[in-house]
Amino acid sequence: MKKKNKISKKYSVLISSLAAIIMLGTLSYLQLYIKKEPANALFGKTNEDPGVKTTGVIYPSQYSDNNITQNAIDTDPRFKNIVFPDYGMLSNAISSVGGNVPAFTDLEENGTWLWTPILYITPDYRDEIINGAVANNINTIYISIDSWLDIYVMPDSLEKEQQKKVFDKILEDFIRKANENGIEVDAEAGWRNWAEAGNTYKAFAVLEYAINFNKTHKEKFRGFQFDVEPYLLPGWADNKEDILRNFIILIDQSVSKLNRSNLLFTVTIPEFYDGTNDETPVFSYRGRSKHTLGHLLSILERRSGSKIIVMSYRNVSLGNNGTIDVSANEINEANKYNTKIVIAQETGDVEPPFITFYKTSRKYYDDQISIVKKAFSDEKSFGGIAAHYVNSFFEL
């Protein structure tokens, strides 16, 4: 009996040790997703049981990673010092007295993203997407044009011109078909390093393409959206202020360039650019100290019809750290300005589970969105909802 007891005790110690190791490993894994919060915050909730009350700052991943062209990622030394026209304060003054002010309506946004590279969009696939958008009451599609950079970097040649014509034609046909069905189309582009030194040429090359497309085609983009997510850069933790200032400079310069166009301007941001949990610093830009959200709102005030899409990714609307909670500060701050806030929701297969409606149901999604809309319906700055992304949204 004594020998048995001794063996039992040894096994108990061993089992306890293994359990502790497994638990520590699990906690470490979860901490990759939740910043500055207890690692056990996620336990007990899954997509089967929406309504997570977890607190913390979520770093949304850039879904375009799955489809992004290498030319949007790499720094090409041939272009890193290229200078694009900057119309600066002169064009700002012109637009303020009635220049190229974009046409827009106060229609509440119900948007979604399409990440498929342009040259892969066949007529059948285009029709499938647009018919699905109609069936799901989508009124705006944000179509990624990052792949324009594959043509941009080509040496001047007949082949380059032919590729551009094909690219233009696919977009023109997509916009025409969408508009015929009551759907607006925005050009979308961005990658985490586009505001960094030697990489801004990518942002401005794509922006210039959208501006020139609208000038030379009957079918036109409603607007242009930057989805640059610099918080995903490797040096983010140690250089937040410099990285965010570079981002603000990019947006400021983009507003100036857009003054000669009829494009609306939208900027997509995470829900912590207001300084949530002290995740982003207050920093000075043009003599003013603000969080990133404050700087953005000040800059976008120069552009009529501007929007900010906030990635308020939660699969529950109410309660602590629900969609309404994490969006309220952006809505309240934007009420002092003319920029609209569009609240984005995730539907893709991403981690952690409480940020996505994946494996829930369309009814559950619609119920939560109805609560969000009701909560913000009387707010001046509320501009609607965006579902990320088109294919996974249709599958709910």
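Up top is the structure.
Small disclaimer: the values here were computed from a predicted structure and weren't measured.

Caption draft 1: Structural context of helix α6 (residues 158–180). Taking 1.5 Å per residue, 23 residues should reach 33 Å; α6 reaches 33 Å between its end C-alpha atoms and fits that length. Buried residues of α6: Lys160, Phe167, Asp168, Ile170, Leu171, Glu172, Asp173, Phe174, Ile175 and Ala178, and no others. As for α6, its buried residues are in contact with β1 (109–114), α4 (123–135), β2 (140–144), α5 (148–152), β3 (184–189) and α7 (200–216). Note on α6: the residue one or two positions beyond its end, glycine 182, has a positive phi of about 75°.

Caption draft 2: Looking closely at the pairing of strand β8 (residues 307–311). With respect to burial, β8 is a largely interior element, 5 of its 5 residues being buried. Burial along β8 is two-sided: Lys307, Ile309 and Met311 facing one way and Ile308 and Val310 facing the other are all buried. Pairing between strand β5 (residues 264–270) and β8: 5 bridges, direction parallel. Bridging across to β8, proline 270 finds its partner in methionine 311. Handedness of the crossover is the feature at issue here: the chain leaves β8, passes through helix α10 (residues 323–334), returns alongside strand β9 (residues 340–346), and the resulting connection is right-handed.

Caption draft 3: Looking closely at the packing of aromatic side chains. On inspection of all chains with the given rule, the structure shows 22 aromatic pairs. Chaining the aromatic ring pairs together yields one cluster made of Tyr59, Tyr231, Phe247, Phe272 and Tyr273. Directly above the ring of tyrosine 152 sits lysine 160, whose terminal nitrogen or CZ lies 5.9 Å from the centroid. Here arginine 192 stacks its cationic end above the ring of tryptophan 191, 4.2 Å away from the centre of that ring.

Caption draft 4: Seen up close, the pairing of β3. Summarising burial for β3: 5 of the 6 residues are buried, a large majority. As paired strands, β2 and β3 are joined by 5 bridges and run parallel to one another. Opposite isoleucine 143, over in β3, you have alanine 187 as the bridge partner. Taken together, β3, α7 and strand β4 (residues 223–226) constitute a β-α-β crossover, and its handedness is right-handed.

Caption draft 5: Main features of the environment of asparagine 315. Position of asparagine 315 among the secondary structure elements: in the loop between β8 and α10. Given the relative accessible area of 0%, asparagine 315 is considered buried. At a separation of 3.2 Å, a polar atom in the side chain of asparagine 315 contacts the main-chain carbonyl oxygen of threonine 356.

What counts as what
- Residues numbered from 1 in each chain as written.
- Predicted model: local features only at pLDDT ≥ 70, side-chain atom pairs only at ≥ 80, totals over all residues.
- Heavy atoms only, no water.
- Helix = DSSP H or I, 4+ residues; strand = E, 2+ residues; numbered from the N terminus.
- Expected span 1.5 Å × (residues − 1).
- Buried < 20%, exposed > 50% of the residue type's maximum accessible area, 1.4 Å probe, protein only.
- Contact = heavy atoms within 4.5 Å.
- Pairing = 2+ DSSP bridges.
- Right-handed = clockwise from strand over helix to strand, strands pointing away.
- Phe/Tyr/Trp six-rings, centres within 6.5 Å; stacked < 30°, edge-to-face > 60°.
- Lys NZ or Arg CZ within 6 Å of the ring centre and 35° of its normal.
- Polar contact = N/O pair within 3.5 Å; in protein donor to acceptor, adjacent residues only side chain to side chain.

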